[in-house]
Amino acid sequence: NGWVKRAGRGVYICVSPEKCVSGFFEPHVEKALQESGLTYCFTGATAAEIWGDETYIQRSWEYHPALVKIFRRDLKRWKQFLNSRQVVFFTAFPSNVVGGFVVLKAVDSVEIDFHNKKPVEPLEQTIGFCEANKDSFEYVLAYISNKYKIKTSASKELLIKTREAL
């Protein structure tokens, strides 16, 4: 997707703004993951988003990471598949990226739960991630505490505010 498209040898045409941005809001990364036929689960901030019923959003139209755990033995197949779908991916978190992309975390074993029909790491692991990154994920901790009746380190103020969201 770009503003200029090759029409022939040495010939380029401008693409209309409507066509150029039409795919920005489509969940092409998530769709590609679903169609891969390979095992994966969302992890880290993406898992926090899912377990928090998307009351916490780490993404926007210009920045949309999908953090996934995959089997180490499948890494080569994932790279081939994502390349074939023209999905931007990394094996370490990038610093300056725009758009939708995947960060592959290759591990020896993958535990998968499903929440809102999405493969996601177990809630306990997500809580551990949120606790370790409380400055950014305290809202999610409060939401999870209220929804699942699990004690976390979320402040009383946020616990009260997130009760209103439920």
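Please refer to the structure higher up on the page.
Quantities reported herein were computed from a predicted structural model and do not represent experimental measurements.

Student: Sorry, what's going on with the side chain of Thr-162 here?
Tutor: Among the secondary structure elements, Thr-162 is positioned in helix H7 (residues 156-165). Overall, Thr-162 belongs to the buried group, its relative accessible area being 0%. A polar contact is formed between the side chain of Thr-162 and the side chain of Asn-146, at a distance of 2.6 Å. With near-sequence residues (within four places) excluded, Thr-162 lies in contact with Tyr-139, Ala-142, Tyr-143 and Asn-146.

Student: How should I be thinking about a nonpolar patch on the surface in this particular structure?
Tutor: Together, Trp-3, Val-4 and Tyr-12 line one region of the surface with nonpolar side chains, adding up to about 370 Å² of accessible area. On the secondary structure map, Trp-3 appears in the segment before strand S1 (4-8).

Student: What exactly am I supposed to notice about the packing of aromatic side chains here?
Tutor: Aromatic ring pairs are defined here through the distance separating the ring centres and the angle between the ring planes. Tallied over the full model, the rule gives seven aromatic pairs. Measuring from centroid to centroid gives 6.2 Å for Phe-93 and Phe-101, while their planes differ by 70°, and the two rings are edge-to-face. Residue class for Phe-101 comes out buried when judged on its relative accessible area of 0%. Aromatic pair Phe-129 and Phe-137: ring centres 4.9 Å apart, planes at 65°, arrangement edge-to-face. Sitting above the plane of the Phe-71 ring, Arg-73 keeps its charged end 4.1 Å from the centroid.

Cut-offs used in this document
- Note on numbering: residues in each chain are counted from 1, in written sequence order.
- This being a predicted model, a pLDDT of at least 70 is required before a residue's local features are given, and a value of 80 or more before pairs of side-chain atoms are given or counted; all residues contribute to the totals for chains, interfaces and linings.
- For the side-chain quantities, the full set of heavy atoms in the structure was used; hydrogens and water were omitted.
- Only DSSP runs of H or I covering at least 4 residues are called helices, and only runs of E covering at least 2 are called strands; the numbering of each starts at the N terminus.
- Exposure classes here rest on a 1.4 Å probe applied to the protein chains alone. A residue is buried below 20% of its type maximum, exposed above 50%, and partly exposed in between.
- Side-chain atoms alone can form a polar contact between residues adjacent in sequence; in general such a contact is a pair of N or O atoms within 3.5 Å, and within protein one must be able to donate a hydrogen while the other accepts it.
- The contact rule is simple, with two residues in contact once any of their heavy atoms fall within 4.5 Å.
- Only residues whose relative accessible area exceeds 30% and that form no salt bridge are eligible for patches; like-charged ones are grouped when within 9 Å, while nonpolar side chains (Val, Leu, Ile, Met, Phe, Trp, Tyr) are grouped when within 5 Å.
- Values of accessible area rely on a 1.4 Å probe in the Shrake-Rupley scheme; residue burial ignores everything except the protein chains shown.
- Here, a salt bridge means any side-chain nitrogen of Lys or Arg that lies within 4 Å of a carboxyl oxygen of Asp or Glu.
- Pairing of aromatic side chains requires ring centres within 6.5 Å, counting the rings of Phe and Tyr and the six-membered ring of Trp. Pairs whose planes differ by under 30 degrees are stacked, by over 60 edge-to-face, and all others tilted.
- By definition, being over a ring means that NZ of Lys or CZ of Arg is both within 6 Å of the ring centre and within 35 degrees of the ring normal.

Any functional reading would require information that these geometric values do not contain.
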